[in-house]
Amino acid sequence: MTELKLPSIDYAALAPILIMLGAALVGVLVEAFVPRRLRNPVQLLLALVAVLAALTMVILNADDRLITAGHAIAVDGPTLFLQGAILILAAMALLLIGERAVERGGAFVAHAAVTAESVDDRRQAAGAGGTTEVYPLTTFAIGGMLIFVAANDLLTMFISLEVFSLPLYLLCALARRRRLLSQEAALKYFMLGAYASAFFLFGVALVYGFTSGIPNRAAGVDFATVHAAVAESSSSQVLLFAGMALLAIGLLFKAAAAPFHVWTPDVYQGAPTPVTGFMAACTKVAAFGALLRVFHVAFSGAAWDFTPVLGAVAVLTMLIGAVLAVTQTDIKRLLAYSSIANAGYLLVGVLAPSKDGLSGTMFYLVAYGFSVIAAFAVVTLVRDADGEATHLSRWAGLGRRSPFFAAIFTFILLAFAGIPLTSGFTSKFAIFAPALDANQAWLVIAGVLTSMVLAFPYLRVVVMMWLSEPGDATPTVAVPGALTSAALVIGVLATLVLGVAPAPLLDLANGAAEFVR
Amino acid sequence: MSNFPFLSVLTVAPLVGALVVALLPRRSPDLAKLVAFAWSLLVLVLSVAMWIAFQVDGDRFQFRESYAWIPNWGVNFTFAADGIALVMLMLIAILVPLVILASWHDAESSKRSVPVYFALLLVLECTMIGVFAAADVFLFYVFFEVMLVPMYFLIGSYGGHQRQYAAVKFFLYSLVGGLFMLAAVIGLWVVGGKTFDWQALSQAEIPTDTARWLFLGFFLAFAIKAPFFPFHTWLPDAGGAAPAGAAALLVGVLDKVGTFGILRYCLPLFPEASKWFAPWALALGVIGIIYAALLAVGQNDLKRLVSYTSIAHFGFIGVGIFAFTTQAGTGAVLYMLNHGLATGLLFLVVGMLIARRGSALISDFGGAGKLVPVLAGVLFFAGLASLALPGTAPFISEFLVLIGTFTTNKPVAVIATLGIILAAAYVLWMVQRTTQGTLNPALTEVDGMRRDLSLREKVVVAPLIALIVLLGFYPKPVTDVINPAVKATMQDVGRTDPAPEVGSVQEAAK
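Residues numbered from 1 in each chain as written. Chains lettered and ligands numbered in written order. Predicted model: local features only at pLDDT ≥ 70, side-chain atom pairs only at ≥ 80, totals over all residues. Heavy atoms only, no water.

Novice: Where do I start with the overall build of chain A in this structure?
Specialist: Along its length, chain A carries 20 helices and five strands. Here the C-alpha atoms of chain A give a radius of gyration of 22 Å, agreeing with the 24 Å that 2.2 N^0.38 yields for 517 residues. Across the 517 residues in chain A, those meeting the buried criterion constitute 65%. Nonlocal contacts in chain A, meaning residues at least 24 apart in sequence, comprise 81% of its contacts between residues at least 6 apart. (Helix = DSSP H or I, 4+ residues; strand = E, 2+ residues; numbered from the N terminus. Rg over C-alpha atoms; globule rule 2.2 N^0.38 Å. Buried < 20%, exposed > 50% of the residue type's maximum accessible area, 1.4 Å probe, protein only. Contact = heavy atoms within 4.5 Å.)

As structure tokens, then:
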């Protein structure tokens, strides 16, 4: 019998993950022991401090290129870059989650167990402080995402997928207002998410079966083994293709790519807006981090086989996102479809198998994350007595009522539309250029054509805000508290800076754009 | 003095001015107007200094400056001007102060912030200067797209009837063209060795098929911008809805970006593709001349009518460019300048007329010359300049285009000549229906129609009239600047002028 050896673990390299998971556990204890009225500030502080500490560790580890914990975790350039991105974006999302000045008690329900639409429910909606379990849940999700982008084998990836998905399902259900919508969103997300996880797990099993069919090699699901198996396999590849397809389904679901996108608009609309922002930015980074790693590290040998399929998915995603965005009348659903289209653009980057493609995709993820959180931050501010006013017709004439926020939102929309001097333009360039370089002109053309379509809904909102006269139904913009203001300022400034002077971040992404295997 | 960084200073100056104007308090609109006007005069002074510093027999590109921007992609802030760009920069510098002066009261009627209107005009000036001064394809693209934003708000916020529709249509049309160009720009970057520098790219070897596709991407953007038939439908809407000053800039300068882009980017970068597509481009130009002129005849809205005349004129410019002779090319560039002056004047005068009457419909006028004789006279002059009467500047350019085209492509030249007749029809008929004939009794009841041109308005029209007459008789200072640049462009395309056949006749006579 072979002797079991303890794998060596590089705790410093794992520190960001450990800090986040540790903070989540402490957060649970805070729920138990800290008096109710102190919980919100304590929890927020704890989560923010943990994120900053983890970010510090990521920065200190910046030169690490290693595989640790028995081939389970790879800490390399993309891992560190994406972990840093997730942490920064998560910090912004936490600021929105912690905001209590815009709505009394914050955006979250006080007692999630109260029946929706009941008398008690109306009472809790009117004032009681929001539940503070959201912080440990968010922290758990962040920790899971950090593992997700660092996972070096498919099982670790699956576990981290669950670690960050389960808290998200819960978070979706915790909106203070329109609770039925929120609960429906959570249930939908959970059912479909569980389904996608099952696909992923089945894919892992099939890939394991595939690797065990290679003679003279140990079977396994770590990426180095899979990579070697793909390179050496000479016999039937049915297991490989089936496994790859199922894995892709699981990951594309999280990335909100068509045809696995149907949950996105409902969930984005129903979830509390800060959580929507968190999902739109951080989940996207995590999902594409995993997609990049799986397809660039494990299956790079089969690039000829998956590129046409994923390319078709990318085109379909861009098309569906752009075309359906045109018909939306709710700002959150519009942003959801825009997020789907952006997933398509990101897939174009994933399919450019070069260093530039990898760094461009990572750049896009960061740039988009900043803009989208800022966009949802504005959405939390436009409100009336019933909470957020998300129907587009209500935004008419907002430019007259509050020119400052309308101007900010216009700027973000122009960024989404890819107008130069915003990060939306530079990031599109960062993705399209390597794709064209890799002879994927058809993807670039599809990207350009859908960008045109997508410009229309954005423009419609701009027209609505500026060129229409305000009516009685035009809501006011709430004065943002310090937390929302901070998130908004960071997001808008990043959108501007990455559009005007993207060189530093591009350098960083370039330096990080190499996987270890 | 030629070491002075003219182009970057010229680009940045209006932007700084725009910030200053925008930050002025909303309650003191007069201050904002004065500051904006003074600032645009400053830009004009700088431009004149640059014109003087430009050496006519010097290098093709002068005032070159280059600063690193995004080194990862080889993007630089590179500015350089050849004769063509210099002329266009001069046109901007002349038109903007006049437009500001002419728009003195335009923004007040819209209930929107007055300082913002003038700030937007200055932002527009910044992007217009940038687009002509850029010698880096990426930088050019950035200005090309950003230019849409101030214009969008000028039309959408301060425009007249149907402004929302017009603003969105304008933005979407231009954006569609721009995105095609973006694909082409990226393609050019990939095949051209990952650089955006114009001079490096013009030396690049590009495979024939790729070059044709890239040409198409650029050409589509420019054809929409110019606009050429059949991409023109946004212009009458935008021109009709925009406030008169913005409309003057829209057709006077903004649309020239399209023809300028063809001359600067399509022809030198893709010479083979340019020749291959030339018959199509010529056809579009000729159709535009006739079709737009016919539509202009039928318009009842003054601003839409002027917009259609512009489309016809852009047909002439297109024909001049794709005839590939120095004469026609010089004519086309000269036309870009003269059209800016003449149509700019026409738009401004029409704007003054509309502001007085409160209506843009020709049928609401009639015999206005009896009430406002000076204004009617200026309108008549602007109309004559627009139909290229000999003695006005546009005549020379139109004539150059036609004879330059005749040497290489007789049928096109002959059909294009018909456009002149139609031009006479739409201009004279418009003048007749608005200012001549019996006085429309409704006009006398409108207070505004009793005021003839004020001193401010006279100051606006006088320089334009003077320039149109001056360049009509003595275009040499301008042609001297244009000629070398056009010659160089034609060399890039690899076309030499056909040898004049009269030479042999003269020799036989000896």
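Having seen the structure, we can now continue with the description.
Novice: How do you make sense of the overall build of chain B when you look at a structure like this?
Specialist: Secondary structure assignment for chain B yields 22 helices and two strands. Against the 2.2 N^0.38 benchmark of 24 Å for 510 residues, chain B shows a C-alpha radius of gyration of 22 Å, consistent with a compact globule. Along the first, second and third principal axes, the C-alpha atoms of chain B reach 65 × 60 × 40 Å. A sequence separation of at least 24 residues applies to 81% of the contacts in chain B between residues at least 6 apart. For chain B, the exposed surface amounts to about 17500 Å²; the carbon and sulfur share of it is 66%. For chain B, the separation between the mean place of its 30 positive charges and that of its 28 negative charges on side chains is 7 Å. (Areas by Shrake-Rupley, 256 points an atom, 1.4 Å probe, with all protein chains shown as cover. Lys, Arg positive; Asp, Glu negative; His and termini not counted. Charge placed at Lys NZ, Arg CZ, Asp CG, Glu CD.)

Novice: How do you make sense of the interface of chain A and chain B when you look at a structure like this?
Specialist: Reports of interface size often rely on the accessible area that becomes lost once the parts have come together. Tallying the contact residues gives 36 residues for chain A and 35 residues for chain B. Roughly 3200 Å² of surface becomes buried between chain A and chain B when both sides are summed, with 78% attributable to carbon and sulfur atoms. Joining chain A to chain B, the criterion identifies one salt bridge. Notably, a salt bridge pairs Asp437 of chain A with Lys194 of chain B, separated by 2.3 Å at the nearest N-O pair. At the surface where chain A touches chain B, the tally comes to three residue pairs in polar contact (both at pLDDT 80 or more). For the side of chain A that touches chain B, the secondary structure elements donating two or more residues are helix 16 (403-417), helix 17 (423-437), helix 18 (441-467), helix 19 (482-500) and helix 20 (503-512) of chain A. The leading source of residues in the side of chain A that touches chain B is helix 18 of chain A, at 11 residues. Its residues assigned to classes, the side of chain A that touches chain B comprises 25 nonpolar, six polar and five charged. (Buried area = accessible area lost by both parts, 1.4 Å probe. Salt bridge = Lys/Arg side-chain N within 4 Å of Asp/Glu carboxyl O. Polar contact = N/O pair within 3.5 Å; in protein donor to acceptor, adjacent residues only side chain to side chain. Nonpolar A, V, L, I, M, F, W, Y, C, P; charged D, E, K, R; others polar.)

Novice: Any chance you could explain helix 13 (residues 271-297) of chain B here in plain terms?
Specialist: In an α-helix, one turn spans 3.6 residues, which is why side chains three or four residues apart end up on the same side. Taking 1.5 Å of rise per residue, 27 residues should cover 39 Å, and helix 13 of chain B covers 37 Å from first to last C-alpha, within 8% of that figure. Considering bend angle alone, the principal kink of helix 13 of chain B is centred on Phe277 of chain B and spans about 50°; proline Pro279 of chain B follows within four residues of it. (Expected span 1.5 Å × (residues − 1). Bend = angle between axes of the 7 residues up to and from the residue.)

Novice: Honestly, the environment of Trp198 of chain B in this entry has me stumped. Any pointers?
Specialist: Residues and elements named next belong to chain B. Residue placement: Trp198 occurs in helix 8 (residues 198-203). When the C-alpha atoms of Trp198 and Leu361 are compared, they prove to be 46 Å apart, with 163 residues separating the residues in sequence. Engagement of the side chain of Trp198 in a polar contact is seen with the backbone oxygen of Arg264, the distance being 2.8 Å.

Novice: Looking at this structure, how should I read the pairing of strand 2 (residues 75-81) of chain B?
Specialist: Residues in a regular strand project their side chains so that they alternate between the two faces of the sheet. Residues and elements named next belong to chain B. Among the seven residues in strand 2, five count as buried, and that is most of the element. Of the strand pairs in this sheet, strand 1 (residues 62-70) and strand 2 are connected by six bridges, and their pairing is antiparallel. Its bridge partner lying in strand 2, Ile70 is registered against Val75. What sits between the antiparallel neighbours strand 1 and strand 2 is a turn of four residues, in which Gly74 has the positive phi angle 65°. (Pairing = 2+ DSSP bridges.)

Novice: How do you make sense of the environment of Leu44 of chain B when you look at a structure like this?
Specialist: Residues and elements named next belong to chain B. Following the sequence through the fold, Leu44 ends up in helix 2 (residues 29-53). Judged by relative accessible area, Leu44 falls into the partly exposed class, the value being 22%. Along the backbone, Leu44 and Leu95 are 51 residues apart, and their C-alpha atoms lie at a distance of 9.2 Å. Look past the residues within four positions of Leu44 in its chain and what remains in contact with it is Met90, Ala93 and Ile94.

Novice: Whenever I open this one, the packing of aromatic side chains confuses me. Can you help?
Specialist: The description of two aromatic rings rests on the distance between their centres and on the angle between their planes. Inspection of the entire model under this criterion finds 57 aromatic pairs over all chains. Centroid distance Phe219 of chain B to Phe228 of chain B: 6.4 Å. Interplanar angle 35°. Geometry classified as tilted. Here Phe219 of chain B and Phe228 of chain B have matching classes, each one buried. Joined through ring pairs, the aromatic side chains of Phe425 and Phe429 of chain A together with Trp69, Trp73, Phe77, Phe138, Tyr141, Trp189 and Phe196 of chain B make up one cluster. (Phe/Tyr/Trp six-rings, centres within 6.5 Å; stacked < 30°, edge-to-face > 60°.)

Novice: How do you make sense of the side chain of Arg179 of chain A when you look at a structure like this?
Specialist: Looking at the element boundaries, Arg179 of chain A is found in helix 7 (residues 179-212). Those residues in contact with Arg179 of chain A, other than ones at most four positions away along the chain, are Val109, His111, Ala112, Val114, Thr115, Ala116, Asp121 and Gln124 of chain A.

Novice: For this particular structure, what's the right way to read the sheet that holds strand 5 (residues 476-477) of chain A?
Specialist: Sheet strands pair by backbone hydrogen bonding; their relative direction is either parallel or antiparallel. All names here are of chain A. Read across the open sheet, the three strands follow the order 4-3-5; overall the sheet is antiparallel. A strand with exactly one partner marks an edge of an open sheet, and here the two such strands are strand 4 (387-388) and strand 5. Of the pairings in the sheet, the one linking strand 3 (residues 382-384) to strand 5 comprises two bridges and is antiparallel in character. When the bridges of strand 5 are listed, Arg383 appears paired with Thr476.

Novice: For this particular structure, what's the right way to read the environment of Leu464 of chain B?
Specialist: Residues and elements named next belong to chain B. As for its placement among the helices and strands, Leu464 is situated in helix 20 (residues 455-473). Since its relative accessible area comes to 0%, Leu464 is described here as buried. Taking the C-alpha atoms as reference points, Leu464 and Ile100, 364 residues apart in sequence, are found 14 Å from one another.

Novice: What should I look at first to understand the packing of helix 5 (residues 137-146) of chain B against helix 6 (residues 148-158) of chain B in this one?
Specialist: Working note: a packed helix pair is described by the angle between its axes plus the distance between those axes. All names here are of chain B. Between helix 5 and helix 6, whose axes approach to 5 Å, the crossing angle comes to 10°. Considering the angle they form, helix 5 stands roughly parallel to helix 6. Touching Phe144, Glu145 and Val146 of helix 5 are Leu148, Val149 and Pro150, all from helix 6. Split by residue class, the contact of helix 5 with helix 6 holds five nonpolar, no polar and one charged. (Axes fitted to C-alpha atoms, helices over the stretch in contact; angles between N-to-C directions. Parallel < 35°, antiparallel > 145°, perpendicular 65-115°, else oblique.)

Novice: Sorry if this is basic, but what is going on with the packing of helix 3 (residues 83-102) of chain B against helix 4 (residues 114-133) of chain B here?
Specialist: Residues and elements named next belong to chain B. Relative orientation of the contacting elements helix 3 and helix 4 amounts to 175°, with a least axis distance of 9 Å. Viewed along their axes, helix 3 and helix 4 adopt a mutual orientation that is roughly antiparallel. Counted together, Ala85, Met88, Leu89, Ile92, Ala93, Val96, Val99 and Ile100 of helix 3 and Phe118, Leu121, Leu122, Glu125, Met128, Ile129 and Phe132 of helix 4 form the full contact between these two elements. Class assignment for the residues of the contact of helix 3 with helix 4 results in 14 nonpolar, no polar and one charged.

In short, shape yes, function no, at least from these values alone.
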